[in-house]
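Here is how the chains run, residue by residue.
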Amino acid sequence: MIKNYFTIAVRSFLKHKSFTILNVIGLSLGMIASLLILQYVKYEQSYDTFHAKATEIYRIQYNQWQSGKLRFECAAAVPAVGPALKNNFPEVKAFTRLFPVSGIASYESPTRGVISFREEKMQITDPSIFEVFDFHLLKGNKLTSLQGPNKTVISQRIAKKYFGDADPIGKTISWDGHRKFEVTGIFENIPDNSHIKFDFMFSYETLNKETQNNSETNWGWYDFNTYVLLQPGTDVKALQTKWDEWLLKDRGEEWSKYNSKQEFILQPLLDIHLHSNLLQESQPEERGDADSVYGLTIIALFILIIAWVNYINLATAKSFERANEVGVRKVMGADKYQLMKQFLAEAFLINLLAASISIVTVRLVWPFFAELSGRKIPLDFMIQPDFWILIGFLFLGGTLLSGFYPAIVLSSFKPVEVLKGKVLHSFQGNLLRKSLVVFQFIASVVLISGSVIVYQQLKFMRNQDLGIDIHQTIVLKGPGVIADSLFQQSLEGFKAATLRITGIKSMTASSNVPGDEIFWASGIRRISGGPENYISGYTVGIDHDYIPSFDLNIIAGRNFDLDHPNEKKNVILNRAMVISLEFEDVKSAIGEKVHHGGDTLEIVGVLEDYHQMSLKEVVTPLVYRYTPDYASFLAFKVETNDYQLLLSSLQEPWKIFFPDNPMDHFFLDQFFNRQYESENRFSLIFGIFTLLAIFVACLGLFGLASFMTLQRTKEIGIRKALGSTSSEVVILLSKGFILLVMIANLIAWPLAWYIMSNWLASFPYKIDINPALFIISGLGVVIIAFLSVGSQTFKAAQVNPAQTLKNE
């Protein structure tokens, strides 16, 4: 019997080839989109799950309050927090701190000479890191490899990079020339789906030795990513309450002196990648976004549902062509349930074919989609049980959801009426088809409007005036291997040499450049007036060329100047900091004294606010100190487009003045705009799958229009015979569909506005949604729908009525 069901199904497919092809294409595209997007979602949700105790690991989030106002929320805490938790709460099994650093790493090879590279992924950390996390140590002892000062554990990648095939254990590697470390272990390269990545672990005792244990007991230095491993079954809320009470008891008196408060919140490890957007995040450029993940999930469901809706609409519309078949079967003894099984078998085969095509297609496009998403989604996701369970769900779910209703409709025809030619279109059936068409185009209008708003917001952020000139700027990363006493002399010589190079307008040295997150944090307080206590602020170290080079606007006072010999005793603030210090206006701040970082400084200038970071962040209060003897970045303003020649010209003076340092460069506008990479990817993916959703919807509308037109062939012939023009026939046959699309627009516009307003609410600087956008999107969908329907109705309207009426 089952064989008979499938034999008849195949015959039906061959008889109705266009119907079959439309359904297979629509279902295949729905499954392909769902599989790709849901695998991306799975990957985003897999961050840090490779740690066996991931659900028991928490990061300490640091919130600073001043005078009752929240000053900042930071991913890095103070170094004293970890020991305080471990020593006072039995629920805390272990803790570890990671202090991010960077610099020049070098190894003197007996065969290859000095090998040196600039390394950005370095961490100073406790030995307990191997107890808290599951970073796999390939060589070395977990308990002792980071015990004591000047020990380092390196990744496989670094071992190969510096030591080739030689065994690195026991060898010495240098960091910034004057720090020597013994290699005591090698760890497996950290997986890509980790929120924190590094290639070097330096022993924490090294930092304790250099800071005279300040890195163990300090409650103000917040640069330490601190993680705790809790005992299994710990009530986290209860622990947080006890911890807050302990802090108030132990630190409350200190806080009251400065009218401040510190919060240290237990943040689940598995929430960090998608839900955390704090200051000093690890790998901020790789941070995920829960809203984007949810948005893409909804798109995947929309496309899949639209494909299923297409099948239901086409199958029920086609059902009236098969009415005689059903009538004959019932007369011959077939019951309703046998007929339902027959039509479910057809849905089964079509979904099976669509699933097979989707599996092959997903395998082919997987590398391209991974590149598009910006994630290294492993291909072995396709051999994991989750993938095949999803395939099974899409296949069986699609078979039942798309096949069940048409099967009921087809099997419910009464044989007597059918064989007399009295099958009528039921009101309920027409209403359902129309409702499903409306749903399809509600989804289409929402997706079009959403993708346009995402694009407009991204364009707004990229094109907004930053208040600072980042164009035509080449930046070199500052040298690391050089004695402090020689730095300023070497820097001045290098600057003089480079300014003689054709095409270079200016050079400035600073601790940060636009787009680089500032970690230099210090309290600042007015000597007289203003807030009673210190307020938190971030500091940029600059020279006298920084402000003119970046075309910053001085709104009061002056710039740092070589003619003033004691500029290190002076300070410049931005407008936001002047407001935070409660000066009456920017001019009244000039000449006032402040305490900052243990120094008493005079305010000599005020800068207009500009965007140090992307427009995803609010402008923060900033302090500018004069630091001509220190620079992490050397920025060159250039007036040439021959960048390769310019970089080649910079190589010679660099080698003369900083001989032991590799020269690394980047273009400042590209560096700044990297902050929008995740939004760029989301916008592109959103746009591609929106087009796919519209295509699938139009595919169904095209098929539905074809069958509806076929059913009205004789009506068209009569109308043509009575004098109707082709255009009148096209309008007559299309208006029903266009009306449905118009209804979809009226429902979709407020829905799209609500969804996208909520999405935009997360941006401090955002576009205003223009109502005309929804009208244009709706009009676009109407035109697309008209073209889909009109192409079929026009073809039918062109047929000679004599051909359609000759048998009447």
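Since we're looking at a predicted model, the values are computed, not measured.

(A) Spatial organisation of the overall build of the chain. A count of helical and extended segments in the chain gives 26 helices and 22 strands. Here the chain holds 808 residues, and 53% of them are scored as buried. Sequence-distant contacts, at least 24 apart, represent 80% of the contacts inside the chain between residues at least 6 apart.

(B) Focus on the nonpolar core. One finds W219, V228, W243, F264, F441 and F689 to be the most contacted residues of the largest nonpolar core, which totals 144 residues. Contact partners of W243, with chain neighbours within four places excluded, come to V81, A84, L85, F89, W219 and F264. Counting residues in hydrophobic clusters, the runner-up holds 22 residues, among them M122, I124, I173 and F202.

(C) Focus on empty space enclosed by the protein. Within this structure, the stated rule accounts for three cavities of 30 Å³ or more. Considering only enclosed or pocket space, the second largest cavity measures out at about 70 Å³ in volume. In this structure, the second largest cavity is lined by Y47, S194, H195, K197, I272, H273, E281, S282, Q283, E286 and R287. When grouped by side-chain class, the residues that make up the lining of the second largest cavity number two nonpolar, five polar and four charged.

(D) Spatial organisation of the side chain of N512. Following the sequence through the fold, N512 ends up in the loop between strand 13 (504-510) and strand 14 (521-526). At 2.7 Å, the side chain of N512 and the side chain of D516 are in polar contact.

(E) Up close: unusual backbone geometry. Non-glycine residue Q280 carries a positive phi angle of around 60°. Look at Q280 and you get buried, because its relative accessible area is 5%. A positive phi angle, close to 50°, is found at Q283, a residue other than glycine. As for its position among the elements, Q283 is in the loop between helix 9 (272-275) and helix 10 (290-319).

(F) Fine view of the packing of aromatic side chains. Scanning the model with the defined rule gives 41 aromatic pairs in all. Considering the side-chain rings of W175 and F181, the 6.2 Å spacing of their centres and the 40° angle between planes classify their relative orientation as tilted. A residue is classified by how much of its surface remains accessible, and W175, at 7% relative accessible area, is buried. Linked through ring pairs, Y62, F72, F89, W219, Y222, W243, W246 and F264 together constitute an aromatic cluster. Lying over the aromatic face of F381, K42 brings its terminal NZ or CZ to 4.3 Å of the ring centre. Over the ring of W175 we find R179; its NZ or CZ atom is 4.4 Å from the centre of that ring.

(G) Molecular detail of the pattern of salt bridges. Applying the stated criterion across every chain yields a total of 22 salt bridges. Of the charged contacts, one joins R558 and E567 as a salt bridge, the two residues approaching to 2.7 Å between their closest N and O atoms. The class of E567 is buried, set by a relative accessible area of 1%. Among the ionic pairs, E608 bridges to R575, the shortest N-O distance being 2.8 Å. With E608 in the loop between strand 19 (599-607) and strand 20 (622-626) and R575 in helix 18 (residues 575-580), the pair connects residues that are 33 residues apart, well separated along the chain. Judged by relative accessible area, which is 25%, E608 ranks as partly exposed. Given a relative accessible area of 30%, R575 falls into the partly exposed group. Connected through shared salt-bridge partners, R97, D126 and E216 make up one network.

(H) Broad picture of helix 8 (residues 236-258). Residue R251 marks the point of greatest curvature in helix 8, where the axis turns by about 65°. For helix 8, the complete set of buried residues consists of L239, Q240, W243, L247, R251, G252 and W255. Where helix 8 is buried, its residues meet helix 3 (81-88), strand 3 (92-109), strand 10 (225-230) and strand 11 (260-268). The N-terminus of helix 8 is capped by D235, whose side-chain oxygen sits 3.2 Å from the backbone nitrogen of K237. Phi for N259, located one or two positions after helix 8, is positive at around 50°.

(I) Layout of the environment of L401. By the secondary structure assignment, L401 is in helix 13 (residues 385-411). Spatially, the C-alpha atoms of L401 and I305 are 9.4 Å apart, while their sequence positions differ by 96 residues. If we ignore the near neighbours within four places in the chain, the residues touching L401 are W308 and I312.

(J) Structural context of helix 5 (residues 156-163). Burial in helix 5 covers these residues: I158, A159, Y162 and F163. Angular distribution of buried residues about the axis of helix 5 spans 105°; they occupy a single face of the element. On the buried face of helix 5, the contacting elements are strand 3, strand 4 (113-125), strand 6 (151-155), strand 7 (172-175), strand 8 (179-187) and strand 9 (200-203).

(K) Local environment of the environment of L247. Here L247 lies in helix 8. For L247 and Q262, which are 15 residues apart along the polypeptide, the C-alpha to C-alpha distance reads 8.4 Å. Discounting chain neighbours no more than four positions away, the residues touching L247 are W219, G252, W255 and F264.

(L) Region of interest: the pairing of strand 13. Of all seven residues in strand 13, six are buried; the element is thus mostly enclosed. Looking at chain direction, strand 13 and strand 21 (residues 633-638) are connected through six bridges and run antiparallel. Within strand 21, the residue paired with I504 across the bridge is V638.

(M) Representation of the pairing of strand 21 in the model. The buried count for strand 21 comes to six of six residues, which makes it a mostly enclosed element. Of the two faces of strand 21, the one carrying F633, A635 and K637 and the one carrying L634, F636 and V638 are both buried. As paired strands, strand 12 (residues 473-477) and strand 21 are joined by five bridges and run antiparallel to one another. Paired with K477 across the bridge in strand 21 is F633.

(N) Examining a nonpolar patch on the surface more closely. Together, L751, W753, Y754 and I755 line one region of the surface with nonpolar side chains, adding up to about 420 Å² of accessible area. Within the secondary structure layout, W753 lies in helix 24 (residues 726-760).

(O) Expanded view of the side chain of N225. Mapped onto the secondary structure, N225 falls in strand 10. Judged by relative accessible area, which is 3%, N225 ranks as buried. Setting aside residues no more than four positions away along its own chain, N225 makes contact with A75, A76, T96, R97, L98, P100, Q280 and S282.

(P) Region of interest: the environment of I468. Within the secondary structure layout, I468 lies in the loop between helix 15 (427-463) and strand 12. The class of I468 is buried, set by a relative accessible area of 8%. In the structure, I468 is positioned 142 residues away from Y610 in sequence and 6.2 Å away in space, judged by C-alpha atoms. Residues contacting I468, with those up to four places away along its chain left out, are P514, F550, L552, Y610 and H611.

Conventions adopted
Residue numbers restart at each chain and count upward from 1, following the sequence in its written direction. Given that the model is predicted, a residue must reach a pLDDT of at least 70 before its local features are reported, and side-chain atom pairs must reach 80 or more before they are shown or counted; all residues, however, enter totals for whole chains, interfaces and linings. Each side-chain value is worked out from all heavy atoms of the structure, with water and hydrogens disregarded. Counting from the N terminus, the helices are the DSSP runs of H or I reaching at least four residues and the strands are the DSSP runs of E reaching at least two. Exposure is judged per residue with a 1.4 Å probe applied to protein chains only, and the accessible area is read against the type maximum: over 50% gives exposed, under 20% gives buried, and values in between give partly exposed. Any two residues whose heavy atoms approach within 4.5 Å at even a single point are treated as in contact. Put simply, a nonpolar core is a bunch of buried Ala, Val, Leu, Ile, Met, Phe, Trp, Tyr and Cys residues held in one set by side-chain atoms that sit within 4.5 Å of each other. As defined here, a cavity is a set of points on a 1 Å grid over the protein atoms alone where a 1.4 Å probe fits but cannot get out. A pocket is an open set with protein on both sides within 12 Å along at least five of seven lines, and residues line them when an atom is within 4 Å of a point. Grid points are joined across faces, edges and corners, and a volume is the space filled by probe spheres set on the points. In this count, Pro and Cys sit with the nonpolar residues alongside Ala, Val, Leu, Ile, Met, Phe, Trp and Tyr, while Asp, Glu, Lys and Arg are called charged and the others, Gly among them, polar. Identification of polar contacts relies on pairs of N or O atoms within 3.5 Å, with a donor-acceptor requirement for protein atoms, meaning one able to donate a hydrogen and the other able to accept it, and with residues adjacent in sequence counted only if both atoms are side-chain atoms. Here a pair means two rings of Phe, Tyr or Trp (six-membered ring of Trp) with centres within 6.5 Å. Their orientation is stacked below 30 degrees between planes, edge-to-face above 60, and tilted elsewhere. Here, over-ring charges are defined by two tests on the NZ atom of lysine or the CZ atom of arginine: distance to the ring centre within 6 Å, and angle to the ring normal within 35 degrees. Each reported salt bridge corresponds to a side-chain nitrogen of Lys or Arg within 4 Å of a carboxyl oxygen of Asp or Glu. Bend at a given residue is defined as the angle between two axes, one fitted to the seven residues that end at that position and one fitted to the seven that begin there. Working note: the arc is built from the helix axis to C-beta atom directions. A pair of strands is treated as paired once DSSP finds two or more bridges between them. Only residues whose relative accessible area exceeds 30% and that form no salt bridge enter a patch; like-charged residues are grouped when within 9 Å of one another, and nonpolar side chains (Val, Leu, Ile, Met, Phe, Trp, Tyr) when within 5 Å. Only the protein chains shown count as cover for residues, with accessible areas throughout obtained via the Shrake-Rupley method and a probe of 1.4 Å.

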